[in-house]
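So you can see what is in the structure, the chains are spelled out below.
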Amino acid sequence: METNKADSITVIMPAYNAEKTIGEAVKSVIAQTVTDWELIVIDDGSTDNTATILTELASADSRIRFLQNEKNSGVSFTRNRAVELADGKWIAFLDSDDKWLPEKLEKQLGLLKKYPEMVVCYTASSFIDNNGKPFKYVMEAIERLDYKTLLSKNIMSCSSVMIRSDVMKLVKMPNDAMHEDYYVWLTVLREHKFAYGINEPLLIYRLCPNSKSASRIKSAKMLFNSYRAIGCNLFKTIVLVLRYTLYSIKKRRRIYNSKG
């Protein structure tokens, strides 16, 4: 599918010690039915073969811009750096251990025909384990997701999101002590009312045991910091953290119980 410059997309991918998965992630971008994209992938001080793999991939496709941080600086810094460099009208995020179905970006751009006012959209997500084996569970997307609903449960997987570039450039991801992407989606929805969802699992999300949010206690602290950062008072923050944690526990149980 050819697009015009108004539909151009910058895909942002931070990478750290991702030699086992980054090839699949990048190839899922290359396989998109939309062709007018650039991929900015930034290596955040990897100590494995991530940089070597990315150098080879970038040399084979001029749409891939490969950069390296001077030192390990965290995912928020890395994404913010890439956002500043983005040339596309839209920004799509993809983590180095996730991957997309080929029509993901095309279907998201297609939403503009139905919702020309759209500034952010996302998709449903399917899941695989660390070895790539799929689960049957799908985290569904709501067609019009509002701030209040998002406040109680984050169903916007970062790797499924496409957001207007001018909006994203105004809202920086704060720091790695919180769910930095969740903070951004809440901030955007508070001003722009809705995120529009495609209820198809166009994102394949990899569940990694060593991810930043895998620890329950660490995740709760990050949630607490996120809610406080968007202005929730202490009582509301505690209630929201408890509600979200229960939702997260139930979701994880459904995912793991659905393994084929």
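Here the structure is a predicted model, which means the values were calculated and not measured.

Draft legend 1. A look at a positive patch on the surface. Taken together, the side chains of R216, K250, R253 and R254 make up a positively charged region of the molecular surface. As for its position among the elements, R254 is in helix α9 (residues 234–257). Overall, R254 belongs to the partly exposed group, its relative accessible area being 46%.

Draft legend 2. Examining the packing of aromatic side chains more closely. Tallied over the entire structure, the rule returns 9 aromatic pairs. Put simply, the rings of Y182, Y227, Y244 and Y247 pair up and form one aromatic cluster. The ring of F194 carries the charged tip of R144 above its face, separated from the ring centre by 4.1 Å.

Draft legend 3. Geometry of the pairing of strand β1 (residues 9–15). Among the 7 residues that make up β1, 7 are buried, leaving the element largely enclosed by the rest of the structure. Residues of β1 alternate between two faces, with I9, V11, M13 and A15 on one and T10, I12 and P14 on the opposite face, all of them buried. In terms of strand pairing, β1 meets strand β2 (residues 37–43) through 7 bridges, oriented parallel. By the bridge assignment, T10 is partnered in β2 with E38. Where the polypeptide runs from β1 across helix α1 (residues 22–30) and back to β2, its parallel neighbour, the crossover connection is right-handed. Here β1 runs beside strand β4 (residues 90–93); their pairing, made up of 4 bridges, is parallel. Bridge pairing links I12 to F93 in β4.

Reading the values: the criteria
Counting restarts for each chain: residues are numbered from 1 in the order of the written sequence. The predicted nature of this model means local features are confined to residues of pLDDT at least 70 and side-chain atom pairs, given and counted, to a pLDDT of 80 or more, with totals for whole chains, interfaces and linings taken over all residues. Derived side-chain values reflect all non-hydrogen atoms in the structure, with water molecules and hydrogen atoms excluded from consideration. Residues enter a patch when their relative accessible area is above 30% and they make no salt bridge; the linking distance is 9 Å between like charges and 5 Å between nonpolar side chains (Val, Leu, Ile, Met, Phe, Trp, Tyr). The accessible surface values rely on the Shrake-Rupley method and a 1.4 Å probe; as for residues, cover is taken only from the protein chains in view. We define a salt bridge as a contact between a side-chain nitrogen of Lys or Arg and a carboxyl oxygen of Asp or Glu at a distance within 4 Å. The charge count treats Lys and Arg as positive and Asp and Glu as negative. His and the chain ends do not count. Each charge is placed at NZ for Lys, CZ for Arg, CG for Asp and CD for Glu. Numbering of helices and strands runs from the N terminus, with a helix taken as a DSSP run of H or I at least four residues long and a strand as a DSSP run of E at least two residues long. Accessible area is worked out with a 1.4 Å probe on protein chains only. A residue is then buried under 20% of its type maximum, exposed over 50%, and partly exposed in between. In summary, the pairing rule links any two rings of Phe, Tyr or Trp, Trp by its six-membered ring, whose centres are within 6.5 Å, and it sorts them by plane angle into stacked for under 30 degrees, edge-to-face for over 60 and tilted for everything else. By the criterion adopted, a ring carries a charge over it if an Arg CZ or a Lys NZ lies within 6 Å of its centre and within 35 degrees of its normal. By definition, two strands form a pair when at least two bridges between them are found by DSSP. A clockwise course of the path from the first strand over the helix to the second, judged with the strands pointing away from the viewer, identifies a crossover as right-handed.

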